[in-house]
Structures are given as structure tokens and as C-alpha cells.
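# Inside the fold
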Amino acid sequence: MIKNIRECIIVLVVILLLPILVPYSLLKDRVEKRRRRQMASRFVCLECGEVLGVEALRLADERWDEIVKEIIAKSEPGTRLRLVRTVDAICPHCGCQYLYRKAERTFVVREVSPEWERLESKLDSE
């Protein structure tokens, strides 16, 4: 009986907090995207010396969409995937790939493991 009351209270609290949590999470995501855009607008590519700009974020989004589509197309129907984004910016001038470090609020060059390079080359060739 007490367990059911506890569960009901937890469900009620979650329902009551949803109108606060949903806008908060959307706002937090928007602020983070804005920070990323601002950083890209002033970040100088370590390979070619050019400024990344917002174009670098768009290129990374397009590349990530391609990767996800290919992974989903090759996976079994009903498979639940847990994906970690591996590229956040691609220099439009030289193609250097970067990851965004949220804690440091900066971009770092993406280091590719040999295993991922093999997988990525297989995806590109097909």
C-alpha cells in the first residue's frame, strides 16, 4: 500500500514539473547552440588558419545525418542504438574535423582511431 502511494506521489510530482522542465531543457539547448555558433565564428582552424564560422557547424550536421542514416539502414529493424556524436564542426576550407568540448567551451581536433577509420571508409565506399 505504501509503495503504491509513493509511486503515485512520484508520478504526480513528475507531471507537475513537466511544464517547468520541458521549457528549461529547450532553453538550455538553445543557449548551448548559440554558444557553439559564437565559438565557431571566432575559432581559427588549427590546420589552415582560417576562421571556422557557422558553415563548419552546418557541414558537421550534414555529415552526422549521413552517418546516422547509414547506420540505421544497416541495422536490424527494432534495434535500439546508442550513438555518440563524433563530429561537431568541419572546417569548410581544409576539412579538418573538430569536437566541441562543452566543459572548456572550445573545439578540439577530432582524433580518429584506426578502427573508426576502417568503419568510416566502409560507409563511404558503399
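This report concerns the structure included in the present document. (Residues numbered from 1 in each chain as written. Predicted model: local features only at pLDDT ≥ 70, side-chain atom pairs only at ≥ 80, totals over all residues. Heavy atoms only, no water.)

## Here we look at the overall build of the protein chain
Put simply, the rule reads: Helix and strand definitions follow DSSP, with helices as H or I runs of at least four residues and strands as E runs of at least two, each counted in order from the N terminus. Each residue's exposure class comes from its accessible area (1.4 Å probe, protein chains only) as a fraction of the maximum for that residue type: buried when under 20%, exposed when over 50%, partly exposed otherwise. Contacts are assigned to residue pairs that have any heavy atoms within 4.5 Å of one another.
Per the secondary structure count, the protein chain includes three helices and three strands. Tracing the protein chain from N to C terminus, the helices and strands come up as α-α-β-β-β-α. For the protein chain, the residues scored as buried account for 23% of the 126 residues in total. Considering only intrachain contacts with a sequence separation of at least 6, the fraction spanning at least 24 residues in the protein chain is 50%.

## Considerations on the pattern of salt bridges
Rules: Between Lys or Arg on one side and Asp or Glu on the other, a salt bridge is scored when a side-chain nitrogen of the former is within 4 Å of a carboxyl oxygen of the latter.
Summed over all chains, the structure comprises seven salt bridges. Here Arg-35 makes a salt bridge to Glu-32, at a shortest N to O gap of 3.7 Å. Note that Arg-35 and Glu-32 are positioned in helix 1 (residues 2-42) at a spacing of three residues, about one turn of the helix. A salt bridge links Arg-85 to Asp-61; its shortest N-O distance comes to 2.7 Å. Remark: Asp-61 occurs in helix 2 (residues 54-74) and Arg-85 occurs in the loop between helix 2 and strand 1 (89-90); sequence separation between them is 24 residues. Residue Arg-85 is classed as partly exposed on the basis of its relative accessible area of 30%. One salt-bridge network, in which partners are shared between bridges, spans Glu-55, Arg-58 and Glu-62.

## Side note on the packing of aromatic side chains
Selection rule: Aromatic pairing here means that ring centres of Phe, Tyr or Trp (its six-membered ring) are within 6.5 Å. Orientation follows from the plane angle: under 30 degrees is stacked, over 60 is edge-to-face, and everything else is tilted.
Under the defined criterion, the tally for this structure stands at four aromatic pairs. When the ring of Phe-43 is compared with that of Tyr-98, the centres are 5.4 Å apart and the planes differ by 80°; the resulting orientation is edge-to-face. Taken together, the residues span a long stretch of sequence, with Phe-43 in the loop between helix 1 and helix 2 and Tyr-98 in strand 2 (residues 97-101) at a distance of 55 residues. There is no split in this pair, since Phe-43 and Tyr-98 are both buried.

## Concerning helix 2
Our working definition: Take the number of residues in a helix, subtract one, and multiply by 1.5 Å to get its expected span. Note that the arc is computed from the directions linking the helix axis to the C-beta atoms.
Between the first and last C-alpha of helix 2 there are 31 Å, a value that for 21 residues agrees with the 30 Å anticipated at 1.5 Å per step. Considered for burial, the residues of helix 2 that qualify are Ala-56, Leu-57, Ala-60, Arg-63, Trp-64, Ile-67 and Val-68. Viewed along the axis of helix 2, the buried residues span an arc of 140°, placing them on a single side of the element. Counted as exposed and oriented over 90 degrees from the buried face of helix 2: Lys-69, Ile-72 and Ala-73.

Keep in mind these values describe shape, not function.
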